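Structure assessment
So you can see what is in the structure, the chains are spelled out below.
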Amino acid sequence: MTEQLIDACRNNDRKAQKRLYEHYFGRMYAICLRYMKREEEALEVLNTGFYKVFKNIAQFKNQGSFEGWVKRIVINTALDAIKEHK
């Protein structure tokens, strides 16, 4: 993933956000399916996770893996959803 795309997302470029979402959708959705029992729940967690990614993308300092950063947010969102249901 290029820094240009991440910078465009920081500037709330909707097309860039869509490209980033589509780029990571498959991998992050697979992670959500491991945590959630139903596909609908997994998709809800995924979308909530991406909302958090776009809301907090300015906090990513281009150090380390961007995919790892996104993955951590998605996993934490899934864990929050599990705690909320119990």
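Side note on the packing of aromatic side chains
- Considering all chains together, one arrives at eight aromatic pairs under this definition.
- When the ring of F60 is compared with that of W69, the centres are 5.5 Å apart and the planes differ by 45 degrees; the resulting orientation is tilted. As far as the burial class goes, F60 and W69 line up, both buried.
- Three or more aromatic residues joined by ring pairs make a cluster, and in this case those are Y21, F25, Y29, F50 and F54.

Observations regarding the pattern of salt bridges
- Applying the stated criterion to the full structure yields six salt bridges.
- Across the pair E67 and R27 runs a salt bridge, and its minimum N-O distance is 3.0 Å. Here E67, found in helix 4 (residues 66-85), pairs with R27, found in helix 2 (residues 14-35); they are 40 residues apart in sequence, far enough to count as distant.
- Between E41 and R38 there is a salt bridge, with its nearest N and O atoms 3.6 Å apart.
- Residue classification places E41 among the buried positions, given a relative accessible area of 19%.
- The partly exposed category is assigned to R38, whose relative accessible area is 48%.
- Salt bridges sharing common partners tie together R38, E40 and E41.

Conventions used here
- Residues numbered from 1 in each chain as written.
- Predicted model: local features only at pLDDT ≥ 70, side-chain atom pairs only at ≥ 80, totals over all residues.
- Heavy atoms only, no water.
- Phe/Tyr/Trp six-rings, centres within 6.5 Å; stacked < 30°, edge-to-face > 60°.
- Buried < 20%, exposed > 50% of the residue type's maximum accessible area, 1.4 Å probe, protein only.
- Salt bridge = Lys/Arg side-chain N within 4 Å of Asp/Glu carboxyl O.
- Helix = DSSP H or I, 4+ residues; strand = E, 2+ residues; numbered from the N terminus.

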